[in-house]
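Here is how the chains run, residue by residue.
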Amino acid sequence: MLTKRWPADPSLLEPRSGMLLEAEVADAPSTTSTTAGSDAEPSPAEPSTRFEQTEGPFTHYSRTVTTEGDEYVERTRYRLDIPWFGWLFGPAVRAVLARRISPTGWWTPPDRLDPQQVLVLGLLAAASMSAAFVNTLFTQTVAFAADEFDVGDTGIGIGGAVVRAGILIALPAAVLADRIGRRRVIVAVAWLGPALSVLGALAPTYSILVATQTVARPMGIALAFLIGVVAAEEMPRSSRAYAVSILAMASGLGAGIAVLSLRLADTGDGGWRLVYLLGAIWLVIALDLTRRLPETRRFEAADITRTSRPPRLNRARLLLLAAAAFAGNIFVAPVSFFQNRYLSDVHDFSGGMIGIFSIAVGTPAGIGLIIGGRMADRTGRKVLIGVTLPLSTIALVGAYSVGGPPLWLLSLVGGMLASASYPALAVYRNELFPTGNRGRASGLLTAAALIGGIFGLVATGVLLDESWGFGSVMALMGVGQLVVTALVLLGYPETAHVELETLNPEDQRPADDPPRNQPSPPTNRAT
């Protein structure tokens, strides 16, 4: 319970808006007081006004304002279920209820969320950490494994390409999710991803290491794209990009854990194997998903059965988004995959120093995610992408061409700009397809992105072995980002503030999920 005393202010007796909507409860009980252990008559009842939540994120909420002399005593009882990240958002929510900060801060979604949406978003964020760890594991450790197994840049590039080709294993999960539901498939891959990734610690050769991660990584990939499907189906129309930014931040945390654990690689020739053993910690999240993740309301409303025929894919939309996914990952995959090799070979970074660099330039990118997510929801996707994507590419190519402080600065700026564009780009994959084939479309687009990444990785490895410089190679691969920018500006529709059912007329809205309006900003201190 939260108790605050205020000077008499009539605005405290008005329903709150912003994070939640309140309604006054008629005939609220008055407050009486007695002295403990005394037989005296209770003091006269103090007048009180009570409010309850009519729309908002709390599983339980009531606010009572009592008049005591020339003061108002405000008592707020509430319960908010934010899985795994309550420690981060809980204090801010409490500060809003205590009227210390605005209910429309940078960390809040543009729409009011309901309790199920809060629960689902928290669980998906935890699952995003697991998926990112599994997906990042091979990328972060391959340089150290290659040194132990005496493998060159071409071998590294081919290994990365083979592991990415494992997307073929993930595609059945996308089809199943459209037939039997998102929840059951997410739970399955959340268990399989970490369990299979641990096998990398036992690999006696580079080929077997690649083989284990070719099986394990697709489970993380499937988990990642199904997380996006669930987020799109559960979030309100003006908060879908916000949800993507939150999930991307959580994903960055999971990848960051993999990066920080690279210090284990400095313990000896086989130290990188210890990083793979850490995959077992994510089984705890799989257990929580098993216990608490509900099926999406849109999937249930679609009433899909195993014998029903899925809606036809919009091929024009699929080809447009697939072309952008392919072209973009020609640059994105090698920029991330060869970073550790570049830092260790060109700038003599140790495993621990690589971890410090990745955290130092990667952690602030979370600011870009939040800003990008809010801008994509409030002002639209296309202009944001058109500005941030080319600038981020220029900065990241520059980072591969310099050393010293400029290397750190350009990596930081490029990462923040790329992060700002990510929510707007990623949210399109699930907005432009109906519920009956949203999972399948997301899987196919992920496959297109990985095929583009395979092309970029192999080409980069070959060119580096042909004595091209890192900067020249990355500049060549960066042409793909310019293609993406052109495709978005010329061919993508604007989807901000548009309901999924409007974008996809084949769908029907769940009966218990009416359209939501954006909350009005506070007009005074007591709002």
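Treat the numbers as computed from the prediction; the structure is a model and nothing was measured. (Residues numbered from 1 in each chain as written. Predicted model: local features only at pLDDT ≥ 70, side-chain atom pairs only at ≥ 80, totals over all residues. Heavy atoms only, no water.)

Colleague: Just give me the short version of the overall build of the protein, but keep the residues and values in it.
Modeller: When helices and strands are counted, the protein shows 20 helices and five strands. Whereas a compact globule of 527 residues would reach a radius of gyration of roughly 24 Å, the protein reaches 26 Å, a difference of no more than 12%. Across its three principal directions, the C-alpha atoms of the protein cover 90 × 55 × 40 Å. Taken over 527 residues, the protein has a buried fraction of 55%. As presented, the protein carries roughly 21400 Å² of accessible surface, and 63% of it is formed by carbon and sulfur atoms. When the 42 basic and 43 acidic side-chain charges of the protein are each reduced to a single mean position, those positions are 4 Å apart. (Helix = DSSP H or I, 4+ residues; strand = E, 2+ residues; numbered from the N terminus. Rg over C-alpha atoms; globule rule 2.2 N^0.38 Å. Buried < 20%, exposed > 50% of the residue type's maximum accessible area, 1.4 Å probe, protein only. Areas by Shrake-Rupley, 256 points an atom, 1.4 Å probe, with all protein chains shown as cover. Lys, Arg positive; Asp, Glu negative; His and termini not counted. Charge placed at Lys NZ, Arg CZ, Asp CG, Glu CD.)

Colleague: Would you mind going over unusual backbone geometry in detail, with residue names and values included?
Modeller: The backbone of Arg99 sits at a positive phi, close to 65°, despite the residue not being glycine. If you trace the backbone, Arg99 turns up in the loop between helix 1 (86–97) and helix 2 (115–149). Classification of Arg99 as buried rests on a relative accessible area of 10%.

Colleague: Residues and numbers for the sheet that holds strand 1 (residues 2–7), please.
Modeller: Overall, antiparallel pairing links the five strands, which are arranged 1-5-4-3-2 in an open sheet. This sheet does not close on itself; its edge strands, each paired only once, are strand 1 and strand 2 (21–25). Neighbour-to-neighbour, the strand axes of the sheet open up by a mean angle of 25°, direction not taken into account. Direction of pairing for strand 3 (residues 48–55) relative to strand 4 (residues 60–68): antiparallel, over a ladder of five bridges. When the sheet's bridge partners are listed, Phe51 is paired in strand 4 with Arg63. (Pairing = 2+ DSSP bridges. Axes fitted to C-alpha atoms, helices over the stretch in contact; angles between N-to-C directions.)

Colleague: Lay out the confidence of the model for the protein in plain terms, naming residues and giving numbers.
Modeller: Within the protein, residue pLDDT values average 86, and 91% of them lie at 70 or more. Note on residues 33–38: pLDDT is under 50 here. Beyond four places in sequence and across chains, it has three contacts. (pLDDT = per-residue confidence, 0-100. Contact = heavy atoms within 4.5 Å.)

Colleague: Can you tell me about the pairing of strand 3, naming the residues and giving the values?
Modeller: The sheet contact formed by strand 2 and strand 3 spans five bridges and is antiparallel. Directly across from Leu21, in strand 3, lies its bridge partner Glu55. Connecting strand 3 to the antiparallel partner strand 4 that follows it, the hairpin turn spans four residues.

Colleague: Explain the pattern of salt bridges residue by residue, including any values.
Modeller: Enumeration according to the criterion identifies 23 salt bridges in this entry. Put simply, Arg63 and Glu74 hold a salt bridge, and the shortest N to O gap is 2.9 Å. Of this pair, Arg63 sits in strand 4 while Glu74 is found in strand 5 (residues 71–79), placing the two residues eleven residues apart along the sequence. Here Arg63 matches Glu74 in class, with each residue buried. Of the charged contacts, one joins Arg297 and Glu234 as a salt bridge, the two residues approaching to 3.3 Å between their closest N and O atoms. Of this pair, Arg297 sits in helix 10 (residues 297–302) while Glu234 sits in helix 6 (residues 206–234), placing them 63 residues apart in sequence. (Salt bridge = Lys/Arg side-chain N within 4 Å of Asp/Glu carboxyl O.)

Colleague: Outline the environment of Gln481, supporting the account with residue identities and numerical values.
Modeller: Among the structural elements, Gln481 can be located in helix 19 (residues 479–491). Judged by its relative accessible area of 7%, Gln481 is buried. Apart from the residues within four sequence positions on either side, Gln481 is in contact with Ala327, Gly328, Phe331, Val332, Leu389 and Thr393.

Colleague: Help me get a handle on helix 14 (residues 365–378), residues and values and all.
Modeller: With 14 residues, helix 14 extends 20 Å between its outermost C-alpha atoms, agreeing within 8% with the 20 Å of an ideal straight helix rising 1.5 Å per residue. Extensive coverage of helix 14 is indicated by the burial of ten of its 14 residues. On the buried face of helix 14, the contacting elements are helix 7 (240–260), helix 13 (351–362), helix 15 (382–399) and helix 16 (404–431). Where helix 14 ends, the next residue or the one after it, Gly380, has phi of about 115°, a positive value. (Expected span 1.5 Å × (residues − 1).)

Colleague: Any chance you could break down the packing of helix 2 against helix 6 for me, citing the residues and the numbers?
Modeller: Two elements in contact, helix 2 and helix 6, have axes whose closest approach is 9 Å; the angle formed by their N-to-C orientations is 160°. As far as their axial angle goes, helix 6 and helix 2 are roughly antiparallel. Classified by chirality, the crossing of helix 6 by helix 2 is left-handed. Split by residue class, the contact of helix 2 with helix 6 holds 20 nonpolar, seven polar and two charged. (Parallel < 35°, antiparallel > 145°, perpendicular 65-115°, else oblique. Left-handed = near helix turned anticlockwise from the far one by under 90°. Nonpolar A, V, L, I, M, F, W, Y, C, P; charged D, E, K, R; others polar.)

Colleague: Lay out a nonpolar patch on the surface in plain terms, naming residues and giving numbers.
Modeller: Side chains of Val383, Val387, Leu391 and Ile394 sit close together on the surface and give an oily, nonpolar patch of about 400 Å² of accessible area. What makes Val383 exposed here is its relative accessible area of 64%. (Patch = residues over 30% accessible without salt bridge, like charges linked within 9 Å, V, L, I, M, F, W, Y side chains within 5 Å.)

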